[in-house]
Amino acid sequence: MKKVISLKKFWALVFAIFACHSAWAYVFEVDGIYYDIISEDDRTVEVVDYNDGGNYSGELIIPSKVNLQSKDYTVVAIGEQAFYGCERLISINISDGITSIGGWAFWNCVNLTSIKLPNSLIYIGKYAFVACKSLASIELPDGLTSIGQYAFYFCESLSFIDIPDGVTSIGEGAFGLCRSLTSIELPDGLTSIEQNVFGDCASLTSIELPDGLTYIGPSAFERCASLTYIIIPDGVTSIEEYTFFLCKNLTSIDIPSSMACIGSSAFKFCGSLTSVYCRANIPPSANVDSFGDNALEELEYDALKATLYVPVGTKADYEAVDPWRNFETIEEYDFKVGVEDVEHGEEIAVVTDGSSIVVTGDNAGRIEVYSVNGQCVYSGYETTISGLAKGVYIVKVGNNTYKVLL
């Protein structure tokens, strides 16, 4: 049967074709870079792809202004897919004035080694730098407020990134599969870590979560095989499923008093865990496999071998419910003090003041502070040790040893 197009659909098609041709009519080229006019009134343009992508190569400088027919236009954006699949692109310098980088803008620019972002940039779109495998570092400007989902996904050479203070939102999977990422600075204003943001960051050894954080999404740190300890800040009420799944070198976790719920497989296969500090007076609701299954034959993968530390007076409550009662060892801990004596000293005390480790007593002598993975982070005679990241530390004072939760 012959298909008949209605008059309404016909005019819609005509309008679409006209709109496309109208848009194409505005594309122009200056010094090998293509632009599209955003606003003729404001004289603004964005950088665009042209002729099916992959055409840009070498080293590029995106100017702040371009001239067309004796008119100056301000470049304010890198458009969606502008440099999509440009495998021969080596470096790019983006001038001040550009405020946004659109989605897929640098997707699969596999040989892009460096990029200079302008101070004016406030937004990085979704999938913007996916599979930029040669990009080893990038400096994000202070004015940035939002990083789109999967923005830096599979940037496998990226080793460090500092997220500016103004960023309040990091999209799903933003740094997933960044296998060379060893450390990352998160801003104080960050309130949520979305699903899979740091999934498969195999080299990430430590990360300090900001105090204002309220949400950690599913699989956020899944398969971060080098992560050794994590402190979850007060205000986070739930840990979603698979959040720390297969973090096989995680030795210590600190769960805040605000915690109400822990999802399925959240800490499953974290077989190196030795200490789980849970500050909640009421045992958080948790799935039976949140920490694994002590019936597994592969006990080296079982997080339930760790010692569970719970607030004073709550041990019986934890021993009464799954999965907490499945821990091999449960001990009460005075979180108000912040110190657990491994060997009690008669004249020496070790306390914390929230930001420092403080050793008190006469003739303390030489003090050594070790991280939970055995690295010496301080050695000397100062009795106040500052500048340490939040975490669990072993403090040796003479013949006495203390475990400290900072």
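Residues numbered from 1 in each chain as written. Predicted model: local features only at pLDDT ≥ 70, side-chain atom pairs only at ≥ 80, totals over all residues. Heavy atoms only, no water.

1. Some thoughts on the sheet that holds strand β27 (residues 357-360)
Here three strands make up an open sheet; going across it, the order is β26-β27-β30 and the pairing antiparallel. The sheet is open, and its two edges are formed by β26 (349-352) and β30 (384-385), each paired on a single side. In this sheet, β30 lies alongside β27 in antiparallel orientation, the contact comprising two bridges. In the sheet register, Val358 faces β30, and the bridge partner there is Thr384. (Pairing = 2+ DSSP bridges. Helix = DSSP H or I, 4+ residues; strand = E, 2+ residues; numbered from the N terminus.)

2. A short note on the confidence of the model for the protein chain
Summary statistics for the protein chain give a mean pLDDT of 86 and a share of 87% for residues scoring 70 or more. Overall, residues 1-25 carries pLDDT values under 50, and its contacts beyond four positions in sequence, including any with other chains, amount to two contacts. Across residues 338-345, confidence stays below pLDDT 50; counting only partners more than four residues off in sequence or on other chains, it has 29 contacts. (pLDDT = per-residue confidence, 0-100. Contact = heavy atoms within 4.5 Å.)

3. Structural notes on the pattern of salt bridges
Taken as a whole, this structure holds six salt bridges when the rule is applied. A salt bridge links Lys268 to Asp289, with the nearest nitrogen and oxygen atoms 3.9 Å apart. Here Lys268 is found in the loop between β20 (261-262) and β21 (275-278), whereas its partner Asp289 is found in the loop between β22 (285-286) and β23 (307-311), with 21 residues between them in sequence. With relative accessibility at 18%, the residue Lys268 sits in the buried group. The closest approach of N and O atoms between Arg325 and Asp322, which form a salt bridge, is 2.8 Å. Each of the salt bridges in this network shares a partner with another, and the network as a whole consists of Glu40, Arg43 and Lys71. (Salt bridge = Lys/Arg side-chain N within 4 Å of Asp/Glu carboxyl O. Buried < 20%, exposed > 50% of the residue type's maximum accessible area, 1.4 Å probe, protein only.)

4. Overview of the nonpolar core
By size, the foremost hydrophobic cluster in this structure holds 95 residues, and its most contacted members are Ile78, Phe83, Phe106, Phe129, Phe175, Phe198 and Phe291. Ignoring any residue separated from it by four or fewer positions in sequence, one finds Phe83 in contact with Val47, Tyr56, Leu60, Ile62, Ile78, Leu89, Ile92, Ala105, Phe106, Trp107 and Cys109. Counting residues in hydrophobic clusters, the runner-up holds 17 residues, among them Tyr378, Ile385, Tyr402 and Val404. (Core = buried A, V, L, I, M, F, W, Y, C linked by side-chain atoms within 4.5 Å.)

5. Notes on the environment of Ser137
As for its position among the elements, Ser137 is in the loop between β10 (123-124) and β11 (146-147). Each C-alpha atom of the pair Ser137 and Ile115 lies 8.5 Å from the other, and the pair is 22 residues apart in sequence.

6. With respect to the environment of Gly263
Structurally, the position occupied by Gly263 is in the loop between β20 and β21. Measuring from C-alpha to C-alpha, the distance between Gly263 and Thr243 comes to 8.2 Å, with 20 residues separating the pair along the chain. When neighbours within four sequence positions are excluded, Gly263 is seen to be in contact with Ile239, Glu240, Glu241, Asn287 and Ser290.

7. Observations concerning the pairing of strand β7 (residues 89-94)
As paired elements, strand β4 (residues 58-62) and β7 share five bridges and run parallel to each other. The partner of Ile61 across the bridge, within β7, is Asn93. Of the strand pairs in this sheet, β7 and strand β9 (residues 114-116) are connected by three bridges, and their pairing is parallel. Bridging across to β9, Ile92 finds its partner in Ile115.

8. Observations regarding the packing of aromatic side chains
Throughout the structure, instances matching the rule amount to 26 aromatic pairs. A cation sits over an aromatic face here: Arg43 above Tyr73, 5.9 Å from the ring centre. In this arrangement the basic side chain of Lys396 is found over the ring face of Tyr370, its NZ or CZ atom lying 5.3 Å from the centre. (Phe/Tyr/Trp six-rings, centres within 6.5 Å; stacked < 30°, edge-to-face > 60°. Lys NZ or Arg CZ within 6 Å of the ring centre and 35° of its normal.)

9. Regarding the sheet that holds strand β17 (residues 229-231)
Read across the open sheet, the five strands follow the order β17-β19-β21-β23-β24; overall the sheet is parallel. The open sheet has two free edges, formed respectively by β17 and β24 (329-333), since each of these has just one partner strand. For this sheet the average axis-to-axis angle between neighbouring strands, irrespective of direction, equals 15°. In this structure, β17 lies alongside strand β19 (residues 252-255), joined through three bridges in parallel fashion. (Axes fitted to C-alpha atoms, helices over the stretch in contact; angles between N-to-C directions.)

10. Some words on the side chain of Ser238
Residue position: Ser238 is located in strand β18 (residues 238-239). Within the local environment of Ser238, its side chain forms a polar contact with the side chain of Glu240, the two groups lying 2.9 Å apart. Non-local contacts of Ser238, meaning those with residues more than four positions away in its chain, are made with Ile216, Met259 and Cys261. (Polar contact = N/O pair within 3.5 Å; in protein donor to acceptor, adjacent residues only side chain to side chain.)

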